[in-house]
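Residue-level structure breakdown
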Amino acid sequence: MKDLIFTYLVKNSIYVNLTNRCPCACTFCLRQNGDGVFGSGPLWLKHEPSLEEVKESLDQWNLSQYDEVVFCGYGEPMERLDVLLETASYIREKSDVKTRVNTNGLGDLIWKRPTAQYLKGLIDCVSISLNACNKEDYLRLTRSKFGVESFDAMLKFAVDCKEYVPKVVMTIVDVVTSKEVQKRCQELCDKLGLTLRIRPYEKS
Ligand code: SF4
């Protein structure tokens, strides 16, 4: 049933869909614009899965056969930080598979405290949507409910992650950024010691 997609396969990775909540309403978000993610069908949840439901869903897969387990979906996974961390811990117990969080980087604003530290030892990669090279453009694209402070908070989270997570990748979407913006994003990432990936228009 479409409303019970808690985990799904993308290429050779298992994706975990924890929530539809998100503080942003990005102009390019697949939630608004897409029919689903890589053929999974729409990922709208009738209810957010409990930890037990996520575990049960993960148990369908032989995790060791896959490249990664990725926390991603029609929403911001850091909205459900407790379940995310407990799920990541469960994955660690079961398998050596790598773990990744695809996030908008606004966890600190959601939780009103620094959050990168909680990922230590549980998450192998954090992929953060940079989206823009300045706070005004970022707000215009993401329409974050936290307003213009969102951009700086996202960058601080990214820099914090370097201390706790082995791999931190900033991403921008190719079709919504010009070459000039991509260049400025690269300069910003270089200044902060962050890796930038210019990705195609898809949620991966
Ligand atoms: S942060 Fe992600 S889930 Fe949230 S609106 Fe933007 S693209 Fe969609």
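Everything that follows concerns the structure shown earlier in this document.
Quick summary incoming for the structure in this document. Quantities reported herein were computed from a predicted structural model and do not represent experimental measurements.

Calculation notes
Every residue gets a number counted from 1 within its own chain, in the order that chain's sequence is written. The predicted nature of this model means local features are confined to residues of pLDDT at least 70 and side-chain atom pairs, given and counted, to a pLDDT of 80 or more, with totals for whole chains, interfaces and linings taken over all residues. The basis for every side-chain value is the complete set of heavy atoms in the structure, and neither hydrogens nor water enter the calculation. Helix and strand definitions follow DSSP, with helices as H or I runs of at least four residues and strands as E runs of at least two, each counted in order from the N terminus. Radius of gyration here is computed from C-alpha atoms only, and the compact-globule reference equals 2.2 Å multiplied by the residue count raised to the power 0.38. Buried residues are those whose accessible area, probed at 1.4 Å on protein chains only, stays under 20% of the maximum for their type, while exposed residues exceed 50% and partly exposed ones sit between those limits. Only heavy atoms matter for contacts: two residues are in contact if any of them lie within 4.5 Å across the pair. Methods summary: accessible areas were calculated by the Shrake-Rupley approach with a probe of 1.4 Å, and residue burial reflects only the protein chains presented. Stacked, tilted and edge-to-face are the three classes applied to pairs of Phe, Tyr and Trp rings, where Trp contributes its six-membered ring and a pair requires centres within 6.5 Å; stacked means planes under 30 degrees apart, edge-to-face means over 60, and tilted covers the rest. Points on a 1 Å grid over protein atoms alone make up a cavity when a 1.4 Å probe fits among them but cannot get out, and a pocket when they form an open set with protein on both sides within 12 Å along at least five of seven lines; lining residues each have an atom within 4 Å of a point. Grid points are joined across faces, edges and corners, and a volume is the space filled by probe spheres set on the points. Under the scheme applied, nonpolar residues are Ala, Val, Leu, Ile, Met, Phe, Trp, Tyr, Cys and Pro; charged residues are Asp, Glu, Lys and Arg; polar residues are all the others, including Gly. By convention in these notes, a salt bridge is any Lys or Arg side-chain nitrogen within 4 Å of a carboxyl oxygen on Asp or Glu. Under this rule, positive means Lys or Arg and negative means Asp or Glu; His and the chain ends count for nothing. Side-chain atoms alone can form a polar contact between residues adjacent in sequence; in general such a contact is a pair of N or O atoms within 3.5 Å, and within protein one must be able to donate a hydrogen while the other accepts it. Each patch is built from residues lacking any salt bridge and having more than 30% relative accessible area; the joining distance is 9 Å for like charges and 5 Å for nonpolar side chains (Val, Leu, Ile, Met, Phe, Trp, Tyr). The span expected for a helix works out to 1.5 Å for each residue beyond the first.

Looking only at helices and strands, one finds seven helices and seven strands in the protein chain. In summary, the protein chain has a C-alpha radius of gyration of 16 Å against a globular reference of 17 Å for 204 residues, a match within 12%. Dimensions of the protein chain along its principal axes, counting C-alpha atoms only, are 45 × 35 × 30 Å. Across the 204 residues in the protein chain, those meeting the buried criterion constitute 57%. A separation threshold of at least 6 residues defines the contact pool for the protein chain, and within that pool the share at least 24 residues apart is 80%. Of the roughly 9500 Å² of accessible surface on the protein chain, 51% is carried by carbon and sulfur atoms.

Once that is clear, we can look at the side chain of Ser 13. Tracing the chain through its elements places Ser 13 in strand β2 (residues 13–16). Taking the relative accessible area as the measure of exposure, Ser 13 reaches 7% and is therefore buried. Once residues within four sequence positions are removed from consideration, Ser 13 is found in contact with Tyr 8, Tyr 66, Asp 67, Glu 68 and Val 70.

Quick look at the packing of aromatic side chains now. In total, this model carries three aromatic pairs according to the counting rule given. Consider the rings of Tyr 138 and Phe 151, whose centres lie 5.5 Å apart with planes at 55 degrees: the pair is tilted. Of this pair, Tyr 138 sits in helix α5 (residues 135–142) while Phe 151 sits in helix α6 (residues 150–164), and the two are 13 residues apart along the sequence. Each member of the pair, Tyr 138 together with Phe 151, is buried.

A word on the environment of Leu 30. Its location among the elements puts Leu 30 in helix α1 (residues 30–33). Spatially, the C-alpha atom of Leu 30 lies 10.0 Å from that of Leu 43, the residues being 13 residues apart in sequence.

By the element assignment, Cys 125 lies in strand β5 (residues 125–129). Cys 125 has contacts with Thr 99, Arg 100, Val 101, Val 165, Lys 167 and Val 169, leaving out every residue within four places of it along the chain.

The calculated volume of the largest pocket comes to roughly 290 Å³. Lining of the largest pocket is provided by 14 residues; of these, Glu 68, Arg 100, Cys 125, Lys 167 and Arg 197 occupy positions nearest its centre. Those elements that place two or more of their residues in the lining of the largest pocket are β2, β4 (98–103), β5 and β6 (167–173). Considering only residue class, the lining of the largest pocket consists of four nonpolar, three polar and seven charged.

Looking now at the pattern of salt bridges. For the structure on display, the rule yields 12 salt bridges. Among the salt bridges present, the one from Lys 55 reaches Glu 52, with a minimum N-O distance of 3.7 Å. Of this pair, Lys 55 and Glu 52 both sit in helix α2 (residues 51–58), three residues apart, which is roughly one turn of that helix.

In this section: the side chain of Asp 108. Along the chain, the position of Asp 108 falls in helix α4 (residues 107–111). Nearest to the buried, unbridged Asp 108 among oppositely charged side chains is Lys 156, at 4.2 Å. Within the structure, Asp 108 has its side chain in polar contact with the side chain of Thr 115 (distance 2.6 Å). In contact with Asp 108, other than residues within four places in its own chain, are Arg 113, Pro 114, Thr 115, Ala 116, Lys 156, Phe 157 and Asp 160.

What follows concerns a nonpolar patch on the surface. Residues Val 175, Val 176 and Tyr 201 make up a contiguous nonpolar surface patch of roughly 260 Å² in combined accessible area. Mapped onto the elements of the fold, Tyr 201 is located in the segment after β7 (195–199).

Let us now look at helix α3 (residues 81–94). Since the α-helix packs 3.6 residues into each turn, any two residues three or four apart lie on the same face. Relative to the 20 Å expected for 14 residues at 1.5 Å per residue, α3 spans 20 Å between its end C-alpha atoms, a close match to the ideal helical length. Buried within α3 we find Leu 81, Val 83, Leu 84, Leu 85, Thr 87, Ala 88, Tyr 90 and Ile 91.

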